[in-house]
Amino acid sequence: MTSHIREQAKLITAQLLSGAGIASGYAVGGLLAEEITGQTSMAGFAQMSVILGAGLIAYPLAVLAGRSGRRKALTLGFGIGTIGAVVVLIGVALQFLPLFMLGMMMCGSSTASGLQARYAAVDLANPAAAGRAMSLVVWATTIGSVLGPSFTAPGAHLGETLGMNGLAGPYLISMVAFALATLSASTLTKSVAAGTDHPGEPGLDDPDHNSEVTTAGNGGAASAKDSASASGSTPTNRSTSTEAAAPSPMKLGEALRFALARPVPLFAMVTIIAGQMMMTNVMVMTPVHMDHQEFSLGAIGIVVSIHIAGMYALSPVFGWMADRWGSGVVIAGGAGIFVLTIALGVIDAVAPESSMVLLSTALSLLGIGWSMFLIGGSSLLTASVPAHAKVPLQGASDSAMNLGGALMAAMAGSVLGTGGFLWINLMATFVLLIAVGFSIRAIPLMSWPGRRAPALAEAADEPPEAPPQPGGVTAAEGTDSRNEGRG
C-alpha cells in the first residue's frame, strides 16, 4: 500500500466516524432544544446552530491548514467537535439553553472538518484523479450517515442506564465518534500540506497572481517546459527555484479580490454555496411539510434516508465524471437535476394531497444535485486558482456555504408558514437562477468535451487542446480571465 493510499484511508476513516457522530445526534438535537425550552419553535434552532458553527469555524481551520498543514487543522476541528458533544451533555444536564446551543455550534466544527477533508484528499492525489480522490472522501459520509441513526436508540438506552436524560444519550455516541475521528486525523503525515502545487500546474507560483488556470498531464508538462525555456532554465531548475521562492498564502481579502476578478473561480464558489442553500432550504422544510400532510414519522424518516443516500452514494461517479469530462459537465448535470427537483416539489405543493413517491423522488434528486454541485464546484475551484490562493478560497467557500445554509434554514420556517411548500421551491429557484447568472461569463472560459476554447481556436499556431482536466479549465482561461478582470 502506497503512502498516498494510506493517507487517503485515514481521511476516509475520519470522515466516516465524523458522519456517524453527526447523524447520531441529528435526530434528537431539536427534541432536546424543545424539551429544555418548552417551545416547539426552538427545535429548528438546534440544527441551525450546528450549521452556523460549521460556517464560523471553516475559514479559521483553513487558515490553520495553510500555515501548519492539514493534520493540525483536521485534528483541531474534530477535537472541537468532541468537546462540543461534551458541552451538549452538560447543557442538557443543567437544562441551560445557551450552553446547549454553544455545544451544538462546536459540534459544527466536525462538519467543517469533514468538508475540509475533501480538499486534503486532493492535496494527496495525482491531479488527473483529483475529482475521484475528493469524491471518495465525500462518499465515506454515506456509511457514517447510515450507521449514525442506528446508534440513536442504543445511545438513548446507554444514557438512561447512566442516569442521564435518554435523549442526550446519542451524544455519548457522537462524542466517541468525534474522538476517534480526531485520532485518525492526528495520524496523518506532516507532509500533507494544504493547497499543494502539484507538478504540471504552470503559473500557480506567479507572484502577481495572474494565472487562474491549472492543467495536468501532457498539456501542463508542455506549459511548464515552455516557461522554463523562456527563462533560460530547465524544468528541474525551475521547480527548485519555485520551491525556494514559493509565494506566501494570500490573505482573505486578497484572495476574494482575486476570485471576484475572474469568472471561473467566482462561478465555482457560487456553485458550492448555491447548492448548499438550495439543499438546506428544501430539506429542512420537507419533513415539516410532510407532517402537515399527516405523513407518519416512519414515512418522514424514509424520505430523509433516501435524501441522505442521494447526497453521498453517487459521489464517486461524479468525481470520475469531473476527471473524465471536466467539472463543467458535472455542474451542468447538477443544474438539470435541481430543475427537475424543483419541478417535482412544485407539483407536490399544488396537488390536492402530497405523494410519498413524488416527495421521495424529489428529495433523492435534491441530494444528487447537491452532490454534483459540491464535487463539480470544488474541483473547478481547486483547478482554477494558484496554490497560494487555494486554501483561503476553499475556506471562504466552505464558510459561506454553511452560513448560507444557516440563513436559509432560519428563513424557511417563516416562508413555509406564509406561502407553503410552493414558496420553499420558489426560493430554491431564485438561488438557482443566481448561479446560472454567474455561469454566463465562466462557461466560455471552461473546456468542454469536444469543444475548443475560443482563444485556442483563434490561434492557428497553437497545438491542439489537451482533454478536459480535473477542473475542466483550459489554458485559454488564464489569459481571457486576466483580460476580463483588468478590463
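Now for a look at the structure at hand. (Residues numbered from 1 in each chain as written. Predicted model: local features only at pLDDT ≥ 70, side-chain atom pairs only at ≥ 80, totals over all residues. Heavy atoms only, no water.)

### Regarding the overall build of the protein chain
For step 1, the next point in the chain: Across its full length, the protein chain holds 18 helices and 0 strands.
For step 2, the next point in the chain: Looking at the protein chain as a whole, 54% of its 487 residues qualify as buried.
For step 3, the next point in the chain: Total accessible area on the protein chain is roughly 19500 Å²; 67% of this is exposed by carbon and sulfur atoms. (Helix = DSSP H or I, 4+ residues; strand = E, 2+ residues; numbered from the N terminus. Buried < 20%, exposed > 50% of the residue type's maximum accessible area, 1.4 Å probe, protein only. Areas by Shrake-Rupley, 256 points an atom, 1.4 Å probe, with all protein chains shown as cover.)

### Quick notes on helix H7 (residues 170-186)
For step 1, the next point in the chain: Helix length check: H7, at 17 residues, gives a terminal C-alpha distance of 24 Å against a target of 24 Å (1.5 Å per residue), a fit within 8%.
For step 2, the next point in the chain: Considered for burial, the residues of H7 that qualify are Pro 170, Tyr 171, Leu 172, Ser 174, Ala 177, Phe 178, Ala 181, Thr 182, Ser 184 and Ala 185. (Expected span 1.5 Å × (residues − 1).)

### Comments concerning the nonpolar core
For step 1, the next point in the chain: Counting residues in each nonpolar core, the largest one holds 63 residues, and the members touching the most others are Met 278, Leu 381, Leu 393 and Ile 424.
For step 2, the next point in the chain: Those elements giving two or more residues to this core turn out to be helix H4 (97-124), helix H5 (130-150), helix H10 (252-260), helix H11 (263-292), helix H12 (297-312), helix H14 (327-350), helix H15 (356-383) and helix H16 (387-442).
For step 3, the next point in the chain: Once residues lying within four places of it in the same chain are set aside, the contact partners of Ile 424 are Asn 281, Val 282, Met 285, Ala 412, Val 415 and Leu 416.
For step 4, the next point in the chain: The next biggest cluster of nonpolar side chains, apart from the first, holds 19 residues, and it includes Ile 36, Phe 100, Leu 172 and Phe 178. (Core = buried A, V, L, I, M, F, W, Y, C linked by side-chain atoms within 4.5 Å. Contact = heavy atoms within 4.5 Å.)

### Some remarks on the side chain of Thr 280
For step 1, the next point in the chain: On the secondary structure map, Thr 280 appears in helix H11.
For step 2, the next point in the chain: Relative accessible area serves as the criterion here: at 2%, Thr 280 is assigned to the buried category.
For step 3, the next point in the chain: Once residues lying within four places of it in the same chain are set aside, the contact partners of Thr 280 are Ile 51, Gly 405 and Ala 409.

### Quick word on empty space enclosed by the protein
For step 1, the next point in the chain: Per the counting criterion, the structure on display carries 4 cavities of 30 Å³ or more.
For step 2, the next point in the chain: The computed volume of the second largest cavity comes to approximately 70 Å³.
For step 3, the next point in the chain: For the second largest cavity, the full set of lining residues is Ala 58, Leu 61, Ala 62, Arg 70, Ala 112, Gln 116, Tyr 119, Val 391, Gln 394, Gly 395 and Asp 398.
For step 4, the next point in the chain: Mapped by element, the contributors of at least two residues to the lining of the second largest cavity are helix H2 (43-68), H4 and H16. (1 Å grid on protein atoms, 1.4 Å probe; cavity = no way out; pocket = protein on both sides within 12 Å on 5 of 7 lines; lining within 4 Å. Points joined across faces, edges and corners; volume = space filled by probe spheres on them.)

### Brief notes about the environment of Glu 353
For step 1, the next point in the chain: Residue position: Glu 353 is located in the loop between H14 and H15.
For step 2, the next point in the chain: You can call Glu 353 exposed: its relative accessible area is 61%.
For step 3, the next point in the chain: Spatially, the C-alpha atom of Glu 353 lies 7.3 Å from that of Gln 293, the residues being 60 residues apart in sequence.

### Focus: the packing of aromatic side chains
For step 1, the next point in the chain: Applying the stated criterion across every chain, the model contains 3 aromatic pairs.
For step 2, the next point in the chain: An angle of 85° between the planes, with centres 5.5 Å apart, marks the rings of Tyr 312 and Trp 370 as edge-to-face. Taken as a pair, Tyr 312 in helix H12 and Trp 370 in helix H15 lie far apart in primary sequence, 58 residues in all.
For step 3, the next point in the chain: Residue classification places Trp 370 among the buried residues on the basis of a relative accessible area of 5%. (Phe/Tyr/Trp six-rings, centres within 6.5 Å; stacked < 30°, edge-to-face > 60°.)

### Structural notes on unusual backbone geometry
For step 1, the next point in the chain: One non-glycine residue, Gln 95, lies in the positive phi region at around 55°.
For step 2, the next point in the chain: Structurally, the position occupied by Gln 95 is in the loop between helix H3 (70-94) and H4.
For step 3, the next point in the chain: By relative accessible area, Gln 95 is classed as partly exposed at 38%.

### Remarks on the packing of H14 against H15
Two packed helices can be described by the angle between their axes and the distance between those axes.
For step 1, the next point in the chain: At a closest axis distance of 8 Å, the pairing of H14 and H15 adopts a crossing angle of 155°. The orientation of H14 relative to H15 falls into the category roughly antiparallel. Handedness of the crossing formed by H14 with H15: left-handed. (Axes fitted to C-alpha atoms, helices over the stretch in contact; angles between N-to-C directions. Parallel < 35°, antiparallel > 145°, perpendicular 65-115°, else oblique. Left-handed = near helix turned anticlockwise from the far one by under 90°.)

### Regarding the packing of H3 against H7
For step 1, the next point in the chain: Their axes nearest at 8 Å, the elements H3 and H7 cross at an angle of 165°. Judged by the inter-axis angle, H3 sits roughly antiparallel to H7. In the crossing of H3 with H7, the sense of the turn from one axis to the other is left-handed. Residue-level contacts link Arg 71, Leu 74, Thr 75, Phe 78, Gly 79, Gly 81, Thr 82, Ala 85, Val 86, Val 88 and Leu 89 of H3 to Tyr 171, Leu 172, Ser 174, Met 175, Phe 178, Ala 179, Ala 181, Thr 182, Ala 185 and Ser 186 of H7.
For step 2, the next point in the chain: Residues that form the contact of H3 with H7 fall into these classes: 13 nonpolar, 7 polar and 1 charged. (Nonpolar A, V, L, I, M, F, W, Y, C, P; charged D, E, K, R; others polar.)

### Overview of the pattern of salt bridges
For step 1, the next point in the chain: Evaluation of the coordinates by the stated rule reveals 4 salt bridges.
For step 2, the next point in the chain: Across the pair Lys 10 and Glu 7 runs a salt bridge, and its minimum N-O distance is 3.1 Å. Of this pair, Lys 10 and Glu 7 both sit in helix H1 (residues 3-37), 3 residues apart, which is roughly one turn of that helix.
For step 3, the next point in the chain: Its salt-bridge partner being Asp 123, residue Arg 70 comes within 2.7 Å of it at the nearest N-O pair. A residue pair is termed long-range when its members are at least 10 positions apart, and Arg 70 in helix H3 and Asp 123 in helix H4 qualify at 53 residues. Exposure class is identical for Arg 70 and Asp 123. Each is buried. (Salt bridge = Lys/Arg side-chain N within 4 Å of Asp/Glu carboxyl O.)

### Points about the environment of Leu 359
For step 1, the next point in the chain: Mapped onto the elements, Leu 359 comes out in helix H15.
For step 2, the next point in the chain: Of the residues examined, Leu 359 reaches a relative accessible area of 1% and is grouped as buried.
For step 3, the next point in the chain: With 73 residues separating them in the primary sequence, Leu 359 and Thr 286 have C-alpha atoms 8.2 Å apart.
For step 4, the next point in the chain: Leaving out residues up to four positions away in the same chain, Leu 359 has contacts with His 289, Met 290, Phe 295, Val 303, Asp 348, Ser 354 and Phe 421.

Read these as geometric descriptors, not functional statements.
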